[in-house]
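Structural overview for review
Here are the chains, one letter per residue:
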Amino acid sequence: MAFDDTLDRSAIWKLGISFFGYMSLLTAMELRLFDLLAGRTATVEEIRARLELHPRLLPDFLDALVAVGLLRREGDRYANSPLAEEYFRCDAPTSIVRFFQGARRRWEGLPGALKTGESQVLVRGGSDMFASAHRGQEVWRSLMSWFDYLGAMKNPELAREFDWSGIVDFVDAGGGSGTAAAHVVRENPHVRATVFDLPHAEPAFEEQLARLGMREKVSFHAGDFFTDPLPRADAILFSAILHDWDDEQRAVLLRQAFDALRPGGTVLVTNHMIDPDRRGKASSLLVSLNMMLITPGGGGYTTEQCRSWLTAAGFVDTAARPLGEFESLVTGRKPDDR
C-alpha cells in the first residue's frame with residue numbers, strides 16, 4: 001500500500017490528547033489535589049507526601065496540569081489556576097466537581113444507551129424530573145453551580161448585545177440561581193427581573209444573589225412552569241432549558257411563554273444548537289448526546305427547528321444568532337393586539 005502523505009491524521013491525535021487531559025482532571029479531583037492547593041502553594045515533594053503518591057509519575061502529572069491551565073507553577077511551587085480555584089475545589093460554592101464525576105459514569109453507559117435509547121441518569125420525564133432526581137440542598141446547589149458555569153460563557157453577551165431598551169419586566173424561566181437575571185439587570189438597570197423556578201432552587205438563588213450583591217435587584221417566584229402560569233412579562237428567557245424536554249413538552253413551555261408575554265413581548269431561547277447540515281459544531285452534537293444520556297426525552301436541535309416551534313406557538317419575526325463561542329440565541333415576538 002502506498003503512503004498517503006496528504007491525509008490529515010491530527011484529528012485522531014487531538015481526540016486522544018483530549019481524553020488524556022480529561023482523565024488527568026478526573027484523577028486530580030479524585031485525589032483532592034485542588035483542595036490541597038486551595039489558597040496555598042506546594043512543592044512536588046510536599047504534594048507527594050500529603051497525598052501519599054509515588055514520585056515517578058508525579059512531576060509530569062503536575063506539569064501536564066500546568067500545561068492545560070489547571071495549575072500554576074512559580075519556581076518549584078505549584079498552585080491552583082484561577083479556573084481550578086473557582087470550579088474544582090470540592091468545598092467551593094461554584095464547584096462543578098460533581099458534574100465531571102457524573103459525566104464519566106454516564107458516558108461509560110453510552111454503548112448500552114445506543115442499544116436501548118434509555119437515559120443513564122433520570123428516569124422520570126414529567127414536570128418534576130429534576131426535583132425528584134436532585135434531592136437535598138447540596139445536590140441542588142451543585143446542579144446550580146454547573147448551570148452558572150455554563151451561563152458565565154454566554155450571560156455577559158446576552159446582557160450586553162440583546163436590545164433590552166424596551167423591556168421592563170423580564171422573567172428567566174427555570175433560571176435557577178439567578179445568575180443570568182443578575183447579568184441582565186446589572187447591564188440594564190431599568191429592567192425588573194424575576195427568576196421562576198422550582199422551590200428547591202430558592203436557597204441557591206438566595207446565596208448566589210447575595211454573593212453577587214444583587215439580592216435586591218432580582219426576585220424569585222416559585223412554581224412549576226408546566227403547570228403554573230409564568231409571571232406577566234415583556235421578555236421571557238429559556239436558557240439551556242428546551243434541550244431537557246421532548247417536543248411535546250417544549251411546545252407546552254413555549255405556549256406558556258406566549259400566554260404570559262404582553263403583546264409585542266419577546267421570547268428568548270438559548271442553547272447549544274446543532275448546525276443545519278449536522279456536520280460542524282461538534283460541541284453541540286456532543287452536548288445533545290449528553291442530554292440524551294441524562295434525560296428520558298431531551299436532546300439537541302437546530303436553530304431552524306427552534307424557530308419552527310416558536311412559529312407554531314404563535315410567535316412572529318423569529319431570528320437566530322450566535323451567543324458566545326458555543327451557543328445560539330433564537331428570539332420570537334408575540335404579535336401586537338389588533
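This text gives an overview of the structure that appears in the document. Since the model is a prediction, treat every value here as computed from it, not as a measurement. (Residues numbered from 1 in each chain as written. Predicted model: local features only at pLDDT ≥ 70, side-chain atom pairs only at ≥ 80, totals over all residues. Heavy atoms only, no water.)

**Here we look at the pattern of salt bridges**
- In the structure shown here, the tally under the stated rule is 22 salt bridges.
- Across the pair R262 and D234 runs a salt bridge whose closest N-O atoms are separated by 3.1 Å. Pair noted here: R262 is in strand β8 (residues 261-271) and D234 is in strand β7 (residues 233-239), with a separation of 28 residues, a long-range link.
- Under the relative-accessibility criterion, R262 is labelled partly exposed at 29%.
- Between D317 and R333 there is a salt bridge; the shortest N-O distance is 2.8 Å. Residue D317 is located in strand β9 (residues 316-323), and its partner R333 is located in strand β10 (residues 327-333); the two are separated by 16 residues in the primary sequence. (Salt bridge = Lys/Arg side-chain N within 4 Å of Asp/Glu carboxyl O. Helix = DSSP H or I, 4+ residues; strand = E, 2+ residues; numbered from the N terminus. Buried < 20%, exposed > 50% of the residue type's maximum accessible area, 1.4 Å probe, protein only.)

**Side note on the sheet that holds strand β3 (residues 77-80)**
- Ordered in space as β1-β3-β2, the three strands form an open sheet in which the pairing is antiparallel. Each having just a single partner strand, β1 (42-43) and β2 (71-74) make up the two edges of the open sheet.
- Here β1 pairs with β3 via two bridges, running antiparallel. Looking across to β3, one finds that A42 is bridged to Y78. (Pairing = 2+ DSSP bridges.)

**A few points about the packing of aromatic side chains**
- Applying the stated rule across the entire model yields 18 aromatic pairs.
- Ring centres 5.9 Å apart and planes at 90° place the aromatic pair F100 and W146 in the edge-to-face group. With F100 in helix α6 (residues 97-108) and W146 in helix α9 (residues 137-151), this pair connects stretches of sequence that are 46 residues apart. With respect to burial, F100 and W146 carry one shared label: buried.
- Between F205 and F220 the ring centres are 5.2 Å apart and the planes differ by 50°, which places this aromatic pair in the tilted class. One end of the pair, F205, is in helix α12 (residues 202-212); the other, F220, is in strand β6 (residues 218-222), with 15 residues separating them in the sequence.
- The class for F220 is buried, based on a relative accessible area of 15%.
- Here a set of aromatic residues connected by ring pairs shows up, and it is made of Y22, F34, Y87, F88, F99, F100, W146 and Y149.
- Taking NZ or CZ as reference, K334 lies 4.9 Å from the ring centre of F258, over its face. (Phe/Tyr/Trp six-rings, centres within 6.5 Å; stacked < 30°, edge-to-face > 60°. Lys NZ or Arg CZ within 6 Å of the ring centre and 35° of its normal.)

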